[in-house]
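Spelled out from the first residue to the last, the chains are:
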Amino acid sequence: MLELRGVCTRYGPVQVLWEVSLTVGEGELVCLLGGNASGKSTTMKTILGLVHPVRGEVLFRGRPIHRDTPAQVVRAGIAPVLESRRIFPQLTVYENLLMGAYTRTDGPGIRQDIEAVYERFPLLRERRGQLGGTLSGGEQQMLAIARALLARPRLLVMDEPSMGLSPLFVEKTFEVIQDLNRQGIAILLVEQNANMALAIAHRGYVLQTGRIVLADTAQNLVNHPMMRKAYLEL
Amino acid sequence: MLIPQLINGLTQGSLYALIAIGFVIIFGTMNLVTFAHGEVYMAGAFVGAFAMTLWHLPWFVALVMGMAAAWVLGFLIEKVAFRPLRTAGHMPPLLITIGLSIILKDLAVVLFGAENRPVPSIYEQTVRLAGVQVSVLQLVILGLAGSLFLVLRLLIQGTKIGRAMRATAQDHEAAYAMGVNVNRVFSIAFALASCLGGAAGVMIGIYYNAVYPTMGGTAGLKGFAACIFGGLTSIPGAILGGIIIGVVENLTVQFLASGYRDVVAFLVMVIVLVLRPQGLLGRKLRTV
């Protein structure tokens, strides 16, 4: 469904991604692991159209999207859950949700989908008139996921959803991710928390200084000696 | 004598407020300051004056034309001066707008002459309201400014583009990732800000019966001051700031001397900003 082929991305003179290739199949939950500055976020930004690769291509459902604007990418069916949530602090919860549906024009459909995310996250219904910035970190994470769902995505791209959350909310977040995946939404999970990510993912990739160094099933990655040493703290 | 001066101050202040809101919208969404805003106001004033004197159109048509001209001018300024420099930091666009302000001012001198151009009076009669004589023109200006504040509020709070403007102001990258065409939002914000400045220009021309090429200098400065006074990114703050400056000026003229009007107005501002550096209604977080 999503395929990166030999993607190279640079910021000015600094090349960050080197020939990154990966795929996410229909309904799959794939994690992209790596340490700080390994290029995880840049991979995500490249997929979302926030930066454009200098070489290589990004295909979504067979169509190249690496020259598209973020609006076109969202319309194609990819929704972002950005790093550190990036809730609009001075918009209400309800308005934040509407921003997720920004590219859509089907009013009744949007209202229906907002109702659906309120069902999934009753807390958001309670807080719908409250400003986004007044929610706790964990609540903001739920809002960030709900906001992404408002785009009716086929693929969710999530950047470090566990970052800065209490263990309880990390667990809750991963439950939600797994749940969404079971309902058929493909997920690319960009994470530093390899333990948690591999526990729910089908497959995983490991990025190191902008290159994919490992690609395998989640099961094999958990048992891989390099993974055990470098990321899993076992 | 207090009440009439309060009304004078309120009228003038509401026009400062319209200019100040322009600075708030531009700073709030783009995090940039324009020094050509006074000249956009001047351009709007001239178009309004021409509409009334050369084409003999009614004042409200002149107002709409002045606002439309300012909208177009703002749109163009954003395109040529701001967009190519979006990633260049604060300084280059600032310098460009200073240059643009000089160019627009001199262009007006070359095209229209440096002298005052008369603007016909409207609504010269007065009415008695609760025992006080009030000029109808002042009521018209107050009503108009009030309606513009209201329309702006509805636009920003209640429409999709208004929501996109607020979201962009708070986190433009996140808004971009959600699919907001951030360039378009900047264009509209700049044009909208300019349009309000143009409205103030036309009304000032009618109020003082004159327009002239350098009229944007003081007005731009007062508007910018009102914007900072109010808290830099707060529209209600800018309205309050503009009105306070207008009222303080007029009370100074009445009870002190007209030469002190700017001194006292800015003194009050300095004192308030020393006590409350974030401005009257300013917050730590950025919003429109």
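What you are looking at is a predicted structure, and each value in this text was computed from that prediction instead of being measured.

What to know about the interface of chain A and chain B
Put simply, an interface is often sized by how much accessible area is lost when its parts join up.
Argument step 1. Of the residues lining the interface, 21 residues belong to chain A; the matching set on chain B comes to 20 residues.
Argument step 2. Interface area lost by chain A to chain B is led by A:Phe88, A:Gln90 and A:Tyr102, which between them contribute 33%.
Argument step 3. Linking chain A with chain B are 4 salt bridges.
Argument step 4. Taken together, the links from chain A to chain B amount to 6 residue pairs in polar contact (both at pLDDT 80 or more).
Argument step 5. Going through the elements one at a time, α2 (70-76) and α3 (93-100) of chain A are the ones with two or more residues in the side of chain A that touches chain B.

Regarding the pattern of salt bridges
Side-chain pairs of opposite charge can arise where the charged atoms are in close proximity.
Argument step 1. For the structure on display, the rule yields 22 salt bridges over all chains.
Argument step 2. With a shortest N-O distance of 2.9 Å, A:Arg127 and A:Glu139 are connected by a salt bridge. Here A:Arg127, found in the loop between α5 (122-126) and α6 (137-149), pairs with A:Glu139, found in helix α6; they are 12 residues apart in sequence, far enough to count as distant.
Argument step 3. For A:Arg127, a relative accessible area of 23% corresponds to the partly exposed category.
Argument step 4. Residue class for A:Glu139 comes out buried when judged on its relative accessible area of 12%.
Argument step 5. Within this structure, A:Lys45, A:Arg86, B:Asp171 and B:Glu173 form a network of salt bridges that share partners.

A look at the packing of α3(A) against helix α6 (residues 160-170) of chain B
Argument step 1. The geometry of α3(A) relative to α6(B) is characterised by a closest axis approach of 11 Å and an angle of 100° between their N-to-C directions. With respect to α6(B), the element α3(A) is oriented roughly perpendicular. Contacts between α3(A) and α6(B) involve A:Glu95, A:Leu98 and A:Met99 from the first element and B:Arg163, B:Ala164, B:Arg166 and B:Ala167 from the second.
Argument step 2. Of the residues contributing to the contact of α3(A) with α6(B), the split by class is 4 nonpolar, no polar and 3 charged.

Considering the side chain of A:Thr43
All names here are of chain A.
Argument step 1. With respect to the helices and strands, Thr43 occurs in helix α1 (residues 40-48).
Argument step 2. For Thr43, a relative accessible area of 0% gives the class buried.
Argument step 3. Leaving out residues up to four positions away in the same chain, Thr43 has contacts with Leu4, Leu17, Leu22, Leu32 and Leu207.

Notes on the side chain of B:Thr97
Argument step 1. Assignment of secondary structure puts B:Thr97 in helix α4 (residues 91-112).
Argument step 2. Setting aside its immediate chain neighbours within four residues, B:Thr97 contacts B:Val33, B:Thr34, B:Phe35, B:Ala36 and B:Phe82.

Structural notes on the sheet that holds strand β4 (residues 55-60) of chain A
Residue and element names in this part refer to chain A.
Argument step 1. What the 4 strands build is an open sheet, ordered β2-β1-β4-β5; its pairing is antiparallel. Either end of the sheet is taken by a strand with one partner, and the two such strands are β2 (14-24) and β5 (63-64).
Argument step 2. Bridge analysis of β4 against β5 gives 2 bridges, and the strand direction is antiparallel. By the bridge assignment for β5, Leu59 is matched with Pro64.
Argument step 3. Packed onto the sheet, α1 meets β1 (2-11), β2 and β4 and runs at close to 110° relative to β1.

Brief notes about the nonpolar core
Argument step 1. With 123 residues, the main nonpolar core has A:Leu2, A:Ile78, A:Leu155, B:Ile21, B:Ile25, B:Trp59 and B:Ile77 as its most contacted residues.
Argument step 2. Among the elements that take part in this core, helix α8 (residues 182-208) of chain B stands out by supplying 16 residues, more than any other.
Argument step 3. Not counting residues within four places of it along the chain, the set of residues in contact with B:Trp59 comprises B:Met52, B:Ile122, B:Tyr123, B:Val140, B:Leu144, B:Met203 and B:Ile206.
Argument step 4. The next biggest cluster of nonpolar side chains, apart from the first, holds 48 residues, and it includes A:Leu29, A:Met142, A:Ile177 and A:Ile185.

Thresholds, definitions, all that
- Residues numbered from 1 in each chain as written.
- Chains lettered and ligands numbered in written order.
- Predicted model: local features only at pLDDT ≥ 70, side-chain atom pairs only at ≥ 80, totals over all residues.
- Heavy atoms only, no water.
- Contact = heavy atoms within 4.5 Å.
- Buried area = accessible area lost by both parts, 1.4 Å probe.
- Salt bridge = Lys/Arg side-chain N within 4 Å of Asp/Glu carboxyl O.
- Polar contact = N/O pair within 3.5 Å; in protein donor to acceptor, adjacent residues only side chain to side chain.
- Helix = DSSP H or I, 4+ residues; strand = E, 2+ residues; numbered from the N terminus.
- Buried < 20%, exposed > 50% of the residue type's maximum accessible area, 1.4 Å probe, protein only.
- Axes fitted to C-alpha atoms, helices over the stretch in contact; angles between N-to-C directions.
- Parallel < 35°, antiparallel > 145°, perpendicular 65-115°, else oblique.
- Nonpolar A, V, L, I, M, F, W, Y, C, P; charged D, E, K, R; others polar.
- Pairing = 2+ DSSP bridges.
- Core = buried A, V, L, I, M, F, W, Y, C linked by side-chain atoms within 4.5 Å.

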